[in-house]
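Remarks on the overall topology
Spelled out, the chains give:
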Amino acid sequence: MRCLVIEDYRPLRESIRECLVEGGFVVDDYASGDEGLWGARNYSYEVIVLDIMLPGVDGLTILQTLRRAHDSTPVILISARDTVRQRVDGLNAGADDYLIKPFDMEELLARVKALARRRYDRNTPVIEIGDLKIDCIHKRVTRGACEIDLTSLQYRMLEYLALRENQVVSRSEIAEHVYQDHEMGDSNKVDVSLSRLRKILAAAGDGGPLIQTRRGYGFILSASGS
Amino acid sequence: MSHPSLRRRLIWASTLLTALVVIGDKLSLYHEIQRSLRQDLDDQISHAAGLLTKSSELIPRGVIYEWEEAWKSGVGPKVSGLFQLWDLRTPGRKSSSPDLGTQDLPFLDGPLDRPTFQTVTGEDGTTLRVVGLRHLPFTNDFGVSAMKRAGQILQPQSYPQLVVYAEPTTGMEAKLVAARKQLLLSSIITLLSIWIAIELVTRWMFRPLALLTTRLQIRSDEDSLAPVDLPHDLPSEIIPLAHAFSDSLVRVETARKQEKDFAYGAAHQLRTPVAGLLGLLDQALSRPREPHDLLRRVGDARKIGREIRATIESLMRVARLKSSSADAFRVYQPAKILDEVTARQREQAQRTIHLALPPGPMKLTGDPEMFRVLVEVLIENAVRYSAGDTPVEIDLKQSGSQVILKVANQASVPVPDDRESLFQPFQRGAGVSVNLPGAGLGLALAKEAARDLGGSVEMSADDDQRVCLTVILEAPQTAN
């Protein structure tokens, strides 16, 4: 899943980025409101972590701009403003969550993950599809009784497809939401990675193929036989 | 601790004073009534005595009392009253009224034809008002002729008489009792009326105070800074006090709000670097890290710690500024201080700073440390927000009675249109990155310091982003 972080204070921005990457997200980060707004308009994200006091365009303006454009990407506001009025204003502007500085990174990560799950109508951190079980908190994947060992990239790919169960996901969407910038290489990379993932899943269980190809469209993950 | 009630004191004092006046007045009235009644009685008995003197007739054989002659003869009217007549020429000779019986009245002798009064208590306990009147018997032509015929003309002067007349005072006493009752009743009614009137008036007059109290409480609950809305019917004597109280309240609450805002701003300013510090440490501890990686993270955390320390030091400067006392005031040379500060800034900032000082000596009166803080802040501010390698220009001069200090630089960030806002604590302008060191307190400090020195500071900027901070201080006439 891909996350956008817009925070001008460098040490905090870097810590948030690192925390989200280690939490399994692909992260884009910007230090100014103008750049952040550009990024939010031009790319698709599961969650946006947005500071309010930004140089250039401030966070609330970015949020209102997105909402006016009918962009429903979940947004969590982070701010030093802690009065009830300010929190209410932030939420009324369209934010999905509000976190007051200073905060624990663990809490931020948990809130971001919760918002990302809600984006795909998932209320629990455990995804079960047929005999496949993905524990998003502990990053454990099992199929039946068999625990599956995946690389970070393979896990992110599987998690993303699982969140979008029964939906066709295009290659470009996978590339955008799963791959860090430095991980993308040639255009075949998605196919190669998916192929490996399929093999690993097939080897782990008898339930039949979970990831299927829809030629010309993309890929779909569903319970066996669907 | 109990507080005196103004209304109660007003009521009691007014009632007491009024009571004293009313009682005094009623007593005076009563005495007058009493005097008048007594006078009436005295007049009455004097008149009666006077009438009785007319019955003393001098005839050739001496003095006779006509009333007695008539009474004894049985043909005259019944004589009532209490009186006695003495023949002073013949001791022991007296004539008493039938009503007197065997009682004797006091022998009230006095000057001729001048009544003498006395109050006595009779044998039966009755109080009597008695008048005694020495007089001379009358004689007429008939009597003189008779005396001539008898061969001896008697002279009335040789036959002085004394009439003593008495009248019970019961009638007068009854009237006095009635008068007393009446006066007492009227006093009570008067006092009661006055007390009720005072009670009602004071309640009416104090009602606006209760309303004022309620409005103050509401205002306090709402945490408002607006002046208190005074009731329109507040007594005029209290209006100046109410206005003064309202003004003081606004000043105190404004100062309290400023302090609260300052504390809030300080906490707010520290939140982001603290969040950065915690984030760094959270990440450093979230999983096992390589030593060099851990070292890097700890170094970053220390850097943030220093930023926080610098912010706290700025806050302490502001606090110290607010507590500076008049004891620090003395004559000082601003050029000398400016020169020292500029030299130090040149070393630390490694930026070109041009300083123009006046040719002759210049002196100011005030707190030299305050002036030092002011120039330090202005120069640090200019250095921090200067673009590229552009120099900072400082100029100190005297113009008439004013000392003018200018600190100019080419700004590295956009200068907001609302420049006055930059002099508020924690305001750095919308274009300033939070990564730039500083807490947004510099210009607020400068403004506070300039004001404490009796001057002012203003910011001007041109279209090319050239910013100039101008401080104007008053130079004492005698110092230079």
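Only a predicted model underlies this, so the values are computations on that prediction, with no experimental measurement involved.

1. Some thoughts on the overall build of chain B
Looking only at helices and strands, chain B features nine helices and 14 strands. Taking as baseline every contact in chain B between residues at least 6 positions apart, the subset at least 24 positions apart corresponds to 66%. A total accessible area of about 27600 Å² is found for chain B, and carbon and sulfur atoms account for 57% of it.

2. What to know about the packing of helix 2 (residues 33-42) of chain A against helix 3 (residues 59-68) of chain A
All names here are of chain A. The contact between helix 2 and helix 3 brings their axes to 10 Å, and the two run at 20°. The angle between helix 2 and helix 3 places the two elements in the roughly parallel class. With respect to the hand of their crossing, helix 2 and helix 3 are arranged in right-handed fashion. Across from G33, L37, A40 and R41 in helix 2, the residues of helix 3 making contact are I62, T65 and L66. Looking at side-chain class alone, the contact of helix 2 with helix 3 contains four nonpolar, two polar and one charged residues.

3. Re the pattern of salt bridges
Overall, the coordinates contain 34 salt bridges over all chains when judged by the stated rule. The residue D229 of chain B makes a salt bridge to R215 of chain B at a minimum N-O spacing of 3.4 Å. One end of the pair, D229 of chain B, is in the loop between helix 4 (170-222) and helix 5 (239-286); the other, R215 of chain B, is in helix 4, with 14 residues separating them in the sequence. Each of the salt bridges in this network shares a partner with another, and the network as a whole consists of E18 of chain A together with D293, R296, R297 and D300 of chain B.

4. Considering the packing of aromatic side chains
This model, assessed by the stated rule, comprises six aromatic pairs over all chains. Seen from their ring centres, W38 of chain A and Y43 of chain A are 5.9 Å apart, and the 75° between their planes marks the pair as edge-to-face. Overall, W38 of chain A belongs to the partly exposed group, its relative accessible area being 47%. Taken together, a centroid distance of 5.2 Å and an interplanar angle of 80° make the contact between W86 of chain B and F107 of chain B edge-to-face. You can see W86 of chain B sitting in strand 3 (residues 82-87) and its partner F107 of chain B sitting in the loop between strand 4 (94-96) and strand 5 (116-121), a full 21 residues away along the chain. The ring of Y159 of chain B has R89 of chain B sitting right over it, with the charged end atom 4.4 Å from the ring centre.

5. Digging into the nonpolar core
Of all hydrophobic cores here, the largest spans 59 residues; its most connected members are L20, L108 and I174 of chain A. A per-element tally of this core places helix 6 (residues 152-163) of chain A first, with eight residues. In this structure L20 of chain A touches C3, V5, F25, V27, V49, L109 and V112 of chain A, once residues within four positions along its chain are discounted. Grouped together as the second largest cluster of nonpolar side chains are 46 residues, V341, M362, I394 and A446 of chain B included.

6. What to know about the interface of chain A and chain B
Counting residues at the interface gives 24 residues for chain A, matched by 24 residues for chain B. Across the chain A to chain B interface the summed buried area is about 2000 Å²; carbon plus sulfur atoms make up 49%. Looking at the side of chain A facing chain B, the largest losses of area belong to Y9, E22 and P102 of chain A, adding up to 30% of the total buried there. Seen at the junction of chain A and chain B, the total is three salt bridges.

7. Comments concerning helix 7 (residues 334-349) of chain B
All names here are of chain B. Relative to the 22 Å expected for 16 residues at 1.5 Å per residue, helix 7 spans 22 Å between its end C-alpha atoms, a close match to the ideal helical length. P334, A335, I337, L338, V341, T342 and Q345 are the residues of helix 7 that are buried. Buried residues in helix 7, looked at end-on, bunch into an arc of 155°, giving them a common side. Summarising the geometry of helix 7, the exposed residues directed more than 90 degrees from the buried face are K336 and E347. Against the buried residues of helix 7 lie strand 8 (330-332), strand 9 (353-356), strand 10 (364-366), helix 8 (368-384), strand 11 (392-399) and strand 12 (402-410). The first or second residue beyond helix 7 is Q350, which carries a positive phi of 50°.

8. Section: helix 3 of chain A
Residues and elements named next belong to chain A. For helix 3, the complete set of buried residues consists of G59, L60, I62, L63, T65 and L66. A distance of 2.9 Å separates the backbone nitrogen of L60 from a side-chain oxygen at the start of helix 3, and that oxygen is part of D58. Count one or two residues on from helix 3 and you reach H70, which has phi positive near 60°.

9. Here's the deal with the environment of E14 of chain A
Relative to the assigned elements, E14 of chain A resides in helix 1 (residues 10-22). The spacing of E14 of chain A and D29 of chain A is 15 residues in sequence and 8.5 Å in space, taken between C-alpha atoms.

10. Let's talk about the sheet that holds strand 5 of chain B
Residue and element names in this part refer to chain B. Spatially, five strands are ordered 4-3-7-6-5 in an open sheet, and the strand pairing comes out antiparallel. Where the open sheet ends on each side, the last strands, each with one partner, are strand 4 and strand 5. Averaged over all neighbouring strand pairs, the angle between strand axes comes to 20°, with direction disregarded. Taken together, the six bridges between strand 5 and strand 6 (residues 127-135) define a ladder with antiparallel strand orientation. The partner of T116 across the bridge, within strand 6, is G132.

11. Some remarks on the pairing of strand 1 (residues 2-6) of chain A
Residue and element names in this part refer to chain A. The buried fraction of strand 1 amounts to five of the five residues, a majority that puts the element mostly inside the structure. Burial along strand 1 is two-sided: R2, L4 and I6 and C3 and V5, pointing in opposite directions, are all buried. As defined by bridge partners, strand 1 adjoins strand 2 (residues 26-30) across five bridges and the pair is classed as parallel. Across the sheet, C3 pairs through a bridge with V27, a residue of strand 2. In terms of handedness, the path from strand 1 via helix 1 over to strand 2 forms a crossover that is right-handed. Two elements, strand 1 and strand 3 (residues 47-51), share four bridges in a ladder whose sense is parallel. Across the sheet, L4 pairs through a bridge with I48, a residue of strand 3.

12. Quick word on the side chain of R297 of chain B
Residue position: R297 of chain B is located in helix 6 (residues 291-322). Apart from residues no more than four positions distant in its own chain, R297 of chain B is found in contact with E18 of chain A together with L280, Q283, A284 and R289 of chain B.

13. Description of the packing of helix 6 of chain A against helix 7 (residues 171-178) of chain A
All names here are of chain A. Running from amino to carboxyl end, helix 6 crosses helix 7 at an angle of 120°, the nearest separation of the two axes being 10 Å. Comparing their axes, helix 7 and helix 6 come out oblique. The two elements helix 6 and helix 7 cross, and the hand of that crossing is right-handed. From helix 6, L153, R156, M157, Y160 and L161 reach across to helix 7, where they touch E173, I174, H177 and V178. Taken together, the residues of the contact of helix 6 with helix 7 sort by class into six nonpolar, one polar and two charged.

14. Overview of the side chain of R372 of chain B
Take R372 of chain B: it is sitting in helix 8. Contact partners of R372 of chain B, with chain neighbours within four places excluded, come to I337, E340 and V341 of chain B.

15. Focus on the confidence of the model for chain B
For chain B, per-residue confidence averages 86 on the pLDDT scale, and 94% of positions sit at 70 or higher. For this predicted complex, the interface confidence reaches an ipTM of 0.80, while the overall pTM sits at 0.59.

16. Focus on the pairing of strand 6 of chain B
All names here are of chain B. Across the nine residues of strand 6, seven count as buried, placing the element largely inside the fold. Taken together, strand 5 and the strand that follows it, strand 6, pair antiparallel across an intervening segment of five residues, in which G125 is found at a positive phi of about 90°. For strand 6 and strand 7 (residues 161-168), the ladder comprises eight bridges, and the chain directions are antiparallel. By the bridge assignment for strand 7, V130 is matched with A166.

The rules behind each value
- Residues numbered from 1 in each chain as written.
- Chains lettered and ligands numbered in written order.
- Predicted model: local features only at pLDDT ≥ 70, side-chain atom pairs only at ≥ 80, totals over all residues.
- Heavy atoms only, no water.
- Helix = DSSP H or I, 4+ residues; strand = E, 2+ residues; numbered from the N terminus.
- Contact = heavy atoms within 4.5 Å.
- Areas by Shrake-Rupley, 256 points an atom, 1.4 Å probe, with all protein chains shown as cover.
- Axes fitted to C-alpha atoms, helices over the stretch in contact; angles between N-to-C directions.
- Parallel < 35°, antiparallel > 145°, perpendicular 65-115°, else oblique.
- Left-handed = near helix turned anticlockwise from the far one by under 90°.
- Nonpolar A, V, L, I, M, F, W, Y, C, P; charged D, E, K, R; others polar.
- Salt bridge = Lys/Arg side-chain N within 4 Å of Asp/Glu carboxyl O.
- Phe/Tyr/Trp six-rings, centres within 6.5 Å; stacked < 30°, edge-to-face > 60°.
- Buried < 20%, exposed > 50% of the residue type's maximum accessible area, 1.4 Å probe, protein only.
- Lys NZ or Arg CZ within 6 Å of the ring centre and 35° of its normal.
- Core = buried A, V, L, I, M, F, W, Y, C linked by side-chain atoms within 4.5 Å.
- Buried area = accessible area lost by both parts, 1.4 Å probe.
- Expected span 1.5 Å × (residues − 1).
- Arc of directions from axis to C-beta.
- Polar contact = N/O pair within 3.5 Å; in protein donor to acceptor, adjacent residues only side chain to side chain.
- Pairing = 2+ DSSP bridges.
- Right-handed = clockwise from strand over helix to strand, strands pointing away.
- pLDDT = per-residue confidence, 0-100.

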